[in-house]
Amino acid sequence: MILGIDTSLGSTVAVVESDGVVRSQVESADPRGHAEVIGTLIAQALDEASVRPSDIAYVAAGMGPGPFTGLRVGIAAARTFALGCGIPVVPVTSHDAVALELLLHDALTGGFEESAADTLAIVTDARRREFAYTVYRGIDDDGLPWRVAEPALIPRDGLDARLAELGALRRDADRIPSGLLAVCAARALAAGREIGPADALYLRSPDVTLPAGPKKVGT
Amino acid sequence: MNRAEPLILGIETSCDETGIGIVRGRTLLSNTIASSMDEHARYGGVVPEVAARAHLEALEPAIRAALAEAHVALADLDAVAVTSGPGLAGALMVGVGAAKALAVSLEKPLYAVNHLVGHIAADILDGDAPPLEYPTVALLVSGGHTSLLLVRDLTSDVELLGETMDDAAGEAFDKVARLLGLPYPGGPEIDRAAASGDPDAIRFPRGLSRASDMAAHRYDFSFSGLKTAVARWVEQREAAGEPVPVADVAAGFREAVVDVLVTKALAACRDHEVPRLLLGGGVIANRRLREAALERAAAEGVTVRIPPLSLCTDNGAMIAALAAELVMSGRPPSTLGFGADSTLPVTEIQVAEDVA
Ligand SMILES: [Zn+2]
């Protein structure tokens with residue numbers, strides 16, 4: 001059983017069986033307040049799946065990209081939950097979960113094949129008039145979305161030109177499906193692959209202004 | 001749950017120290033601290049985003065180190081404790097998220113507590129000291145806060161008498177150090193520079209100490225005017241082409257800070273007829289402050305308590321100690337529904353207590 005946790009946009013937690021069956025998925029759409037809801041969501045996801053912490057074998061952690069204040073809450077929670085249970089964390093690039101959801105859906109409905117492009121870009125709000133985007137091309141042999149360009153930031157008004165250049169279809173996301181995040185982790189484990197970075201995908205340096213020497217106060 | 005001598009792990013991330021503490025009742029088993037201070041040095045002060053990133057990286061290794069030092073396993077814990085506030089919001093959230101997930105995974109109760117009251121609880125872990133007596137006045141001084149409290153009971157009755165209106169005392173040390181060309185953190189640097197200086201050579205102003213201030217701000221502090229006065233004094237010297245006597249400036253500045261802190265703390269003791277003063281917070285490491293407090297308190301018949309310095313700076317042991325007191329006094333745990341509260345008032349000793 002895998003517990004999936006992601007706070008890169010809203011806050012969401014899921015319990016998924018190792019073969020990919022989603023037992024529970026709960027979420028809070030609030031783009032802030034991650035620290036408030038995370039404990040309740042984990043407890044609720046376990047409860048709805050009728051499992052106890054000791055039934056969980058892995059924790060899938062959404063590593064972003066995402067605005068940093070919220071993103072960290074889920075990663076911290078994933079790490080300490082795993083520590084508490086003595087189990088490993090599987091880092092997952094959060095956009096992978098969205099891509100897998102869309103690609104599976106398109107494969108089922110045939111919608112994707114009818115579109116001209118086989119390349120798609122998952123796009124999320126990165127605040128400060130920027131988007132975070134990751135480019136994918138179909139599902140690979142391991143059942144994972146094939147990431148052809150790593151997550152990056154771009155000014156909002158530059159996105160469409162960039163995607164046209166890449167020939168990628170724009171798919172905006174305002175939530176991360178934590179169930180699919182855990183499914184990505186399950187498939188990565190089955191394939192023996194690492195699919196997410198060990199550290200948070202902030203994509204931005206911290207805001208700091210170096211002190212400019214003592215200011216004159218006058219007399 | 002063992003309510004007689006609970007084993008508690010405390011998580012503290014309100015500023016730049018990732019603190020993990022483990023206590024059994026009133027016995028300290030581990031006080032593990034990972035500080036990001038070095039990363040802030042080149043900015044001359046704590047950068048919130050840098051601190052929060054460092055917490056995320058330091059948390060898990062710090063928990064492992066604390067468990068190893070205490071020779072306990074997570075499964076042995078009776079409860080998990082965490083700082084809910086006050087502090088830097090983004091930094092607090094890392095600890096809150098981590099503590100909640102840890103508590104849920106262990107199926108153990110969680111106590112969300114007040115950082116400032118934690119500073120008082122640190123004193124309880126001093127095995128060599130006699131038991132803490134109530135009521136006591138507490139003066140908490142650090143880079144993040146300067147507060148004067150009246151503590152009638154650690155777990156149920158803490159009153160805010162006064163606090164800083166602008167900079168915290170530790171911040172004032174950092175800013176004055178910078179304008180004297182001394183590195184961060186400013187406290188030890190000012191101390192070093194002041195060692196050879198004359199504290200009476202330059203008389204800097206004591207903030208909020210005039211008779212006209214005393215009605216509304218009897219126990220409040222202000223250090224920004226002092227900082228400006230130091231800056232102006234230094235500028236005038238430089239403008240006149242004279243050398244700046246750094247040692248005298250440092251000594252005079254430090255004396256002004258110490259004087260106002262001790263004067264107001266002892267006034268609180270006198271006004272409330274409480275002959276006990278407890279000191280806490282990182283700035284207590286300042287030797288001149290400790291000396292002045294001990295000397296002047298003795299003259300007024302006030303007993304001063306100072307926890308070991310390793311427990312004065314921000315740490316997780318004090319958070320665990322406060323939660324242990326709550327457990328031992330029979331208080332229920334917190335629910336999971338609390339957040340990081342950067343301005344949590346000191347009267348809220350425990351947050352989200354599950355009264356149902
Ligand atoms: Zn503090």
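(A) Fine view of the overall build of chain B. The secondary structure content of chain B amounts to 12 helices and 11 strands. At 20 Å, chain B has a C-alpha radius of gyration in line with the 21 Å of a compact globule built from 356 residues. In chain B, 74% of the contacts between residues at least 6 apart in sequence involve partners at least 24 apart. Carbon and sulfur atoms make up 51% of the accessible area of chain B, which amounts to about 12900 Å² in all.

(B) How the structure looks around the side chain of Arg204(A). Assignment of secondary structure puts Arg204(A) in the segment after helix 6 (178–191). Accessibility expressed as a relative area gives 17% for Arg204(A), which makes it buried. Separated by 3.2 Å, the side chain of Arg204(A) and the backbone oxygen of Arg127(A) make a polar contact. Here Arg204(A) is in contact with Phe68(A), Ala126(A), Arg127(A), Arg128(A), Glu130(A), Leu153(A) and Arg53(B), once residues within four sequence places are set aside.

(C) Summary view of the sheet that holds strand 9 (residues 276–280) of chain B. Residue and element names in this part refer to chain B. Here five strands make up an open sheet; going across it, the order is 8-7-6-9-10 and the pairing mixed. Single-partner strands in this sheet number two, and they are strand 8 (157–163) and strand 10 (303–305). Sheet twist, expressed as the mean angle between neighbouring strand axes with direction ignored, is 25°. Bridging between strand 7 (residues 146–153) and strand 8 involves six bridges; their strand directions are antiparallel. Bridge pairing links Leu-149 to Leu-160 in strand 8. Seen against the sheet, helix 9 (residues 246–271) touches strand 6 (136–141), strand 7, strand 8 and strand 9 and runs at an angle of roughly 160° to strand 6.

(D) Structural context of the packing of helix 8 (residues 224–239) of chain B against helix 9 of chain B. All names here are of chain B. Between helix 8 and helix 9, the least distance of the axes is 11 Å, while the angle of their chain directions is 160°. When the interaxial angle is binned, helix 8 and helix 9 end up roughly antiparallel. Remark: the crossing between helix 8 and helix 9 carries right-handed chirality. Counting all contacts with helix 8, which are made through Leu-226, Val-230, Trp-233 and Val-234, the residues of helix 9 involved are Val-249, Phe-253, Ala-256 and Val-257. In terms of residue class, the contact of helix 8 with helix 9 is made up of eight nonpolar, no polar and no charged.

(E) Spotlight on the interface of chain A and chain B. Facing 40 residues of chain A, the contacting portion of chain B comprises 38 residues. Of the roughly 3300 Å² buried between chain A and chain B, counting both surfaces, carbon and sulfur atoms make up 67%. Interface area lost by chain A to chain B is led by Arg72(A), Thr80(A) and Leu83(A), which between them contribute 19%. Inspection of the region where chain A meets chain B yields three salt bridges. The shortest N-O distance in the salt bridge between Glu49(B) and Arg72(A) comes to 3.0 Å. Breaking the side of chain A that touches chain B down by element, the ones donating at least two residues are helix 1 (34–48) and helix 2 (68–85) of chain A. Taken together, the residues that form the side of chain A that touches chain B break down as 23 nonpolar, eight polar and nine charged.

(F) Representation of the layout of surface pockets in the model. Here the second largest pocket is characterised by a volume of approximately 560 Å³. Taken together, 35 residues line the second largest pocket, and the ones lying closest to its centre are Leu9(A), Pro31(A), His34(A), Pro67(A) and Arg127(A). Where the lining of the second largest pocket is concerned, the elements lending two or more residues are strand 2 (11–16), strand 3 (22–28) and helix 2 of chain A together with helix 2 (48–70) and helix 3 (89–106) of chain B. Grouping the amino acids of the lining of the second largest pocket by side-chain chemistry returns 14 nonpolar, 11 polar and 10 charged.

(G) Layout of empty space enclosed by the protein. Residue and element names in this part refer to chain A. Tallying each qualifying case throughout the model produces one cavity of 30 Å³ or more. Approximately 60 Å³ is the volume found for the largest cavity. Around the largest cavity, the lining residues are Pro-65, Gly-66, Pro-67, Phe-68, Ala-126, Leu-153, Leu-201, Tyr-202, Leu-203 and Arg-204. Split into classes, the residues belonging to the lining of the largest cavity amount to eight nonpolar, one polar and one charged.

(H) Highlighting the nonpolar core. Within the largest apolar cluster, 62 residues are counted, with the highest numbers of intra-cluster contacts made by Ile42(A) and Leu9(B). Residues contacting Leu9(B), with those up to four places away along its chain left out, are Ile20(B), Gly21(B), Ile22(B), Ile63(B), Leu67(B), Leu74(B), Leu77(B), Ala79(B), Val80(B), Ala81(B), Leu102(B) and Ala320(B). Among the nonpolar cores identified, the runner-up in size contains 54 residues, and Leu148(B), Ile190(B), Phe253(B) and Val283(B) belong to it.

The rules behind the values
Residues numbered from 1 in each chain as written. Chains lettered and ligands numbered in written order. Predicted model: local features only at pLDDT ≥ 70, side-chain atom pairs only at ≥ 80, totals over all residues. Heavy atoms only, no water. Helix = DSSP H or I, 4+ residues; strand = E, 2+ residues; numbered from the N terminus. Rg over C-alpha atoms; globule rule 2.2 N^0.38 Å. Contact = heavy atoms within 4.5 Å. Areas by Shrake-Rupley, 256 points an atom, 1.4 Å probe, with all protein chains shown as cover. Buried < 20%, exposed > 50% of the residue type's maximum accessible area, 1.4 Å probe, protein only. Polar contact = N/O pair within 3.5 Å; in protein donor to acceptor, adjacent residues only side chain to side chain. Pairing = 2+ DSSP bridges. Axes fitted to C-alpha atoms, helices over the stretch in contact; angles between N-to-C directions. Parallel < 35°, antiparallel > 145°, perpendicular 65-115°, else oblique. Left-handed = near helix turned anticlockwise from the far one by under 90°. Nonpolar A, V, L, I, M, F, W, Y, C, P; charged D, E, K, R; others polar. Buried area = accessible area lost by both parts, 1.4 Å probe. Salt bridge = Lys/Arg side-chain N within 4 Å of Asp/Glu carboxyl O. 1 Å grid on protein atoms, 1.4 Å probe; cavity = no way out; pocket = protein on both sides within 12 Å on 5 of 7 lines; lining within 4 Å. Points joined across faces, edges and corners; volume = space filled by probe spheres on them. Core = buried A, V, L, I, M, F, W, Y, C linked by side-chain atoms within 4.5 Å.

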